[in-house]
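# Reading the structure
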Amino acid sequence: MSKILITGGAGYIGSMLADQLVRKGHEVVVLDSLMFGPDSLHHLKSFQNFKLIEGDVRNEVLVQECISGCDFIYPFAGIVGAPLCEKYPKETVEVNLDSITFLLSILQDQKIIYPTTNSGYGTKKENVACTEESKMEPISLYGRTKVEAENLISKTGQAVTLRLATVFGASYRTRFDLLLNNFVYKALNEKKLDIYEGHFMRNFIHIEDVVNGLIFAMDNFGKMKGQAFNLGLDSANMSKIELAKKIQEYIPELEITENNLLKDPDQRNYIVSNEKIKKVGFQAKITIEEGIVEMIKTVNLKNKLISYI
Ligand SMILES: NC(=O)c1ccc[n+]([C@@H]2O[C@H](COP(=O)([O-])OP(=O)(O)OC[C@H]3O[C@@H](n4cnc5c(N)ncnc54)[C@H](O)[C@@H]3O)[C@@H](O)[C@H]2O)c1
């Protein structure tokens, strides 16, 4: 059993990862400023092998204390997504990049598993799948800080970096700003989707597959270390319009329109190959269709709860 620090462990991905690691018997410490509250981790409080520390990754003394004795670190704390980063540029650089620089400066023999965004691939040629060798060309501040942090972390040789596709699915802190989750939310509540850059291709992955991939990287650290891996679902390389039409199959009253005025801040238009991680033995499994059904249930439940308040 390992001692594991998850910074940002109260978030969308971190809370699901913490849950799995605690249930596997690892000693798990979460350091999180609780931007979105503590609810996502309430269910873990009774576990002896779980500890939540409310704090900021910019607090150097605290970070030093937290990493002491750890075998693995998942540095997930971040200002996440292009819109939030544009709103808080100073905090974005401090949290997404400077805190990583500091962490690396005090690293001893702890191993790191880091989540980059594959939005860093930017705009690529049609029908040519991005591999880990493809050039990273992030445009937004979010993408730039994530890719820069990945570069720094990679240089340690003590890390695995995973370039995540756009995640979908429910979590202890479900994010409704992620593309599939957002489309289902709007499809049910507004019955209308006005889509910009509809032909842009994206790759997707379910949150449970992300968590399994993150744990796979820990369990197979020896053969994966020092490398970057795309982490997505091969059958889920699709355009925004294709995704919307897929959702329409489940919500037939949905009206889809195209908006030519708005632009994607990261100009994400790429398909992704997940062959490299498959070769070391990991494959994402949960389909887009399963994710849509799950999100319909999640949004309906959320709406029901709101109507009781
Ligand atoms: N969700 C995705 O599609 C996706 C894709 C690629 C990469 N990632 C990366 O995965 C990580 C987690 O993303 P998420 O979707 O769970 O986001 P999230 O916003 O749900 O979680 C981020 C967490 O970080 C915490 N945090 C923010 N600033 C902090 C600070 N200064 N100190 C301590 N904690 C702080 C927040 O409270 C939150 O709990 C991020 O690094 C993100 O860039 C996510």
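Attention in this report is confined to the structure presented alongside it. Bear in mind that the values here come from a model prediction, so they are computed numbers and not experimental data. (Residues numbered from 1 in each chain as written. Predicted model: local features only at pLDDT ≥ 70, side-chain atom pairs only at ≥ 80, totals over all residues. Heavy atoms only, no water.)

## Here we look at the layout of surface pockets
A probe matching the size of a water molecule, rolled over the atoms, marks out where space remains unfilled. Here the second largest pocket defines a volume of roughly 200 Å³. Lining the second largest pocket are Thr-174, Phe-176, Thr-298, Leu-301, Lys-302 and Leu-305. Considered class by class, the residues forming the lining of the second largest pocket number three nonpolar, two polar and one charged. (1 Å grid on protein atoms, 1.4 Å probe; cavity = no way out; pocket = protein on both sides within 12 Å on 5 of 7 lines; lining within 4 Å. Points joined across faces, edges and corners; volume = space filled by probe spheres on them. Nonpolar A, V, L, I, M, F, W, Y, C, P; charged D, E, K, R; others polar.)

## Looking at the site of the ligand
For the ligand, the set of nearby residues contains 29 residues, the closest of which are Tyr-12, Asp-32, Tyr-142, Lys-146 and Arg-175. A distance of 3.1 Å separates a nitrogen atom of the ligand from a polar backbone atom of Ser-33. Between Tyr-142 and the ligand, the recorded distance is 2.6 Å, taken from a side-chain N or O atom to an oxygen atom. A total of 830 Å² of accessible area belongs to the ligand in isolation, and the protein chains cover 97% of it. At the level of secondary structure, the elements contributing two or more residues to the shell around the ligand comprise helix H1 (12–23), strand S5 (111–117) and helix H5 (141–155). (Near = heavy atom within 4 Å. Polar contact = N/O pair within 3.5 Å; in protein donor to acceptor, adjacent residues only side chain to side chain. Areas by Shrake-Rupley, 256 points an atom, 1.4 Å probe, with all protein chains shown as cover. Helix = DSSP H or I, 4+ residues; strand = E, 2+ residues; numbered from the N terminus.)

## Thoughts on the packing of helix H6 (residues 179–189) against helix H9 (residues 240–250)
Two elements in contact, H6 and H9, have axes whose closest approach is 10 Å; the angle formed by their N-to-C orientations is 45°. Relative to H9, the element H6 is oriented oblique. Note that H6 runs across H9; the crossing there is right-handed. Residues Leu-179, Leu-180, Phe-183, Val-184 and Ala-187 of H6 form the contact with H9, whose participating residues are Lys-240, Leu-243, Ala-244 and Ile-247. (Axes fitted to C-alpha atoms, helices over the stretch in contact; angles between N-to-C directions. Parallel < 35°, antiparallel > 145°, perpendicular 65-115°, else oblique. Left-handed = near helix turned anticlockwise from the far one by under 90°. Contact = heavy atoms within 4.5 Å.)

## Quick notes on the sheet that holds strand S10 (residues 201–206)
The mixed open sheet is built from three strands, whose spatial order is S8-S10-S12. Edge positions in the sheet fall to strand S8 (166–168) and strand S12 (237–239), since each of these pairs with one other strand and no more. When strand polarity is set aside, the average angle formed by the axes of neighbouring strands in this sheet is 50°. As defined by bridge partners, S10 adjoins S12 across three bridges and the pair is classed as antiparallel. Directly across from Arg-202, in S12, lies its bridge partner Met-238. Strands S8 and S10 of the sheet are contacted by helix H7 (residues 207–219), whose axis makes an angle of about 75° with S10. (Pairing = 2+ DSSP bridges.)

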